[in-house]
Amino acid sequence: MKKKIGVSIILLAVIALIVYTFCTEVVVGPDYQSKFYATWVSLLPPLLAIILALITKEVYSSLFVGIIGGALLYSNFDLELAFNTFLFGRDADGDAAGMIPKISDSWNAGILVFLVLLGILVALMNRAGGSAAFGRWARKHIRTRIGAQLATIVLGILIFVDDYFNCLTVGSVMRPVTDGHKVSRAKLAYLIDATAAPVCIIAPISSWAAAVTSSVPEDSGINGFQTFINTIPYNYYAILTIVMMIYITVRRVDYGPMKTHEMNAMKGVFLGKAEENEEEEVVNEKGIVLDLVLPVIVLIASCVMGMVYTGGFFEGESFIDAFANADASMGLVYGAIITLLFTFFYYMYRNIITFSDFMKCIPQGFMAMVAPILILVLAWTLSGMTGLLGAKVFVADAVAGSAVGLHMLLPAVIFLVAMGLAFSTGTSWGTFGILIPIVLGVFPSGNMMLMSIAACLAGAVCGDHCSPISDTTIMASAGAKANHVSHVSTQLPYALTVAAVSAVSYVIAGWLNRRPSAPEFARSAWFSLAIAVFLMLVTLVIIEKVTGREPSEKTPKESSENAAEQSARSE
């Protein structure tokens, strides 16, 4: 009874605070600043959320606690201001920081609409039997676990237009195939995540290329897109991640928590699956592989055209300039709407679904995206709280202050700083948007400029890859329908392995470029990349020797031959 009274009092107090907040206008002047602004304390909210998520294995409450902590720090522990900041906060420039402005932000709203449309499209392909038909085809042509994983990697690399699009499309297409070959959901999530941002950041035609190009200051005197192209050989984290994926897949090498998930999956026990509350689908036997492949091809083409449309391609801009100036959020929505309309008419023409079936897929697709949308909104809000506290300013000042005497080591330093900032804030684009102008201030031109910008991009992708509050990490979990915390904990050792090799590679590349006696070929980007790949392969060979390989897959014929051989030996 006493416990119920205590809970009631707390609820009444919370309700009273909410009513008081909504009835009272809190005015924060343009000069207002938290006493924790741009200090190390500004990194506490995201770190708190990350630590809680890893300990409790529960992401929603962890993100919420981090947001509340950030709002309290920003308000200097004024409860009324903290509550207003959490819901409606904006920074001094008027940019969204609180939950409601984040949701209503046109870029974020576009991403949410795109996710819902993609969820509807996936539900539609499942209802029409396209996914089941692809699964039947894959079972005939993809006969091994290695083949299923390599097919996932290839598909992820081919869908390089946008990381969100990559995560959800690859997940929905390949999940039945990898499940059938007993590949764990955690491994699928890793393969999806590792072919999302790491591939987009080295793909000239992608939303990430557009974001990097726009991050180069207009008064820098350099071509942003050409600079992006030249940084690709120096982007060690992205390239080495692809090398690692292929190696561990072909050689059957897993370590850390991932090995436990994989060994259990081979026994038919799938750990770390997301809660699936979907109704059992009635398999449509009329579906063919083209019913899945054709909408995906149309989606890729229409998303590309949607992005160049927003960049002014049909108003006279060149394709490259249009892509560099594209609004990826708006372009993806255009692409998804066009694909949805095409798919509707195509399926109706094929007579494989009814209008009633199509309408049922709308709420079904929306419900499938509720969990990732909720995590995204919370992650965006946490990023907003971190921005209000000046975390980026704190990191940028630290880098700018230490850059003068560390020219040789600056690429490695930039890589580690970008990694830490992206890990804490959960955003790659914001990270290189802050750090690229600093790099250009230290190295206005030359190989060291390209290497340092590439290190910034690589570090941002690495931190984004590791962070539980990153939107791409969240989307990879959603695409694989894997438990989010399980995905983060299994992926982290792999990402940190590549990060360590990348950091060492940047030290070597920086030393070669700043050494006067080094031959000309040793200063080239491709020579440094060859060294980085060699170091990655050596590291993986050592890991393989220490951890061992997973059991090989055997056909029934091989199993009977082995049994006969063992019987002969025993006799």
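Look a little higher up for the structure.
This write-up is about the structure you can find in this document. (Residues numbered from 1 in each chain as written. Predicted model: local features only at pLDDT ≥ 70, side-chain atom pairs only at ≥ 80, totals over all residues. Heavy atoms only, no water.)

Moving on, we get to the overall build of the protein chain. In terms of helices and strands, the protein chain carries 28 helices and 0 strands. For the protein chain, buried positions account for 53% of its 571 residues. Sequence-distant contacts, at least 24 apart, represent 80% of the contacts inside the protein chain between residues at least 6 apart. When the accessible surface of the protein chain is split by element, carbon and sulfur atoms take 66% of a total near 24,700 Å². (Helix = DSSP H or I, 4+ residues; strand = E, 2+ residues; numbered from the N terminus. Buried < 20%, exposed > 50% of the residue type's maximum accessible area, 1.4 Å probe, protein only. Contact = heavy atoms within 4.5 Å. Areas by Shrake-Rupley, 256 points an atom, 1.4 Å probe, with all protein chains shown as cover.)

So, on to the nonpolar core. Judged by nonpolar contacts, the single largest core of 77 residues is most densely connected at Phe114, Leu115, Tyr347 and Met475. No other element matches helix α6 (residues 106-128), which puts 14 residues into this core. Discounting chain neighbours no more than four positions away, the residues touching Tyr347 are Leu124, Met125, Ala128, Asp291, Pro295, Ile352 and Ile353. Counting residues in hydrophobic clusters, the runner-up holds 67 residues, among them Phe415, Leu440, Tyr494 and Leu540. (Core = buried A, V, L, I, M, F, W, Y, C linked by side-chain atoms within 4.5 Å.)

Moving on, we get to unusual backbone geometry. Phi is positive for Ala38, which is not a glycine, with a value near 55 degrees. Inspection of the secondary structure assignment puts Ala38 in the loop between α1 (2-23) and α2 (44-56). With a relative accessible area of 23%, Ala38 lands in the partly exposed category. Of note, Lys481 is a non-glycine position whose phi angle comes to about 55 degrees, a positive value. Examined against the element boundaries, Lys481 turns out to sit in the loop between α25 (471-480) and α26 (484-514).

Right, let's talk about the packing of aromatic side chains for a bit. Evaluation of the coordinates by the stated rule reveals 16 aromatic pairs. Judged by centre distance (5.1 Å) and plane angle (65 degrees), the rings of Phe344 and Phe345 are edge-to-face. Given the relative accessible area of 55%, Phe345 is considered exposed. Taken together, a centroid distance of 6.2 Å and an interplanar angle of 75 degrees make the contact between Phe344 and Phe355 edge-to-face. (Phe/Tyr/Trp six-rings, centres within 6.5 Å; stacked < 30°, edge-to-face > 60°.)

With that out of the way, let us pick up helix α19 (residues 355-368). The first and last C-alpha atoms of α19 sit 20 Å apart over 14 residues, in line with the 20 Å expected at 1.5 Å per residue. The set of residues buried in α19 consists of Asp357, Phe358, Cys361 and Gly365. (Expected span 1.5 Å × (residues − 1).)

Attention now goes to the pattern of salt bridges. One pass over the structure, following the stated rule, counts 7 salt bridges. For Glu262, the salt bridge goes to Lys187, with nearest N and O atoms at 3.7 Å. Placement of Glu262 in helix α15 (residues 257-266) and of Lys187 in helix α10 (residues 185-194) is noted, with a sequence separation of 75 residues between them. Taken individually, Glu262 and Lys187 each receive the classification buried, so the pair is uniform in this respect. For Arg251, the salt bridge is made with Glu544, and the minimal N-O distance between the two is 2.8 Å. Residue Arg251 is found in the loop between α14 (236-250) and α15, and its partner Glu544 is found in helix α27 (residues 525-547); the two are separated by 293 residues along the sequence. Here Arg251 falls in the partly exposed class, since its relative accessible area comes to 31%. (Salt bridge = Lys/Arg side-chain N within 4 Å of Asp/Glu carboxyl O.)

A cluster of nonpolar residues, Met305, Tyr309, Phe314, Met330, Tyr334 and Ile338, forms a patch on the protein surface that exposes about 590 Å² of accessible area. When residues of the nonpolar patch are traced back to their parent elements, those giving at least two are α16 (290-310) and α18 (328-350). In terms of residue count, the dominant contributor to the nonpolar patch is α18 (3 residues). As for its position among the elements, Met305 is in helix α16. Classification of Met305 as partly exposed rests on a relative accessible area of 36%. (Patch = residues over 30% accessible without salt bridge, like charges linked within 9 Å, V, L, I, M, F, W, Y side chains within 5 Å.)

Okay, the state of the cysteines next. Considering all chains together, one arrives at 0 disulfides under this definition. Just so you know, Cys200 is unpaired, no disulfide at all, and the nearest cysteine sulfur is the one on Cys167, 8.3 Å from it. Exposure remark for Cys200: the relative accessible area of 0% places this residue in the buried category. In this structure Cys466 is not part of a disulfide, and its nearest cysteine sulfur, from Cys462, lies 4.3 Å away. Classification of Cys466 by relative accessible area gives buried; the value is 4%. (Disulfide = S-S within 2.5 Å.)

What follows covers the side chain of Thr152. Structurally, the position occupied by Thr152 is in helix α8 (residues 145-158). We classify Thr152 as buried; its relative accessible area is 0%. Dropping the residues within four chain positions of it, Thr152 is found in contact with Val170, Met174, Thr178, Leu188 and Leu191.

What follows deals with helix α24 (residues 447-466). With 20 residues, α24 extends 28 Å between its outermost C-alpha atoms, agreeing within 8% with the 28 Å of an ideal straight helix rising 1.5 Å per residue. Within α24, 19 of the 20 residues are buried, which leaves it mostly tucked inside the rest of the structure.

It is the contact of α10 with α14, at a shortest axis distance of 10 Å, that shows an interaxial angle of 150 degrees. One way to sum up the angle between α10 and α14 is to call them roughly antiparallel. Relative to α14, α10 is oriented so that their crossing is left-handed. Between α10, through Lys187, Tyr190, Leu191 and Ala194, and α14, the contact on the second element is made entirely by Thr241, Met244, Met245, Ile248 and Thr249. Looking at the contact of α10 with α14, its residues break down into 6 nonpolar, 2 polar and 1 charged. (Axes fitted to C-alpha atoms, helices over the stretch in contact; angles between N-to-C directions. Parallel < 35°, antiparallel > 145°, perpendicular 65-115°, else oblique. Left-handed = near helix turned anticlockwise from the far one by under 90°. Nonpolar A, V, L, I, M, F, W, Y, C, P; charged D, E, K, R; others polar.)

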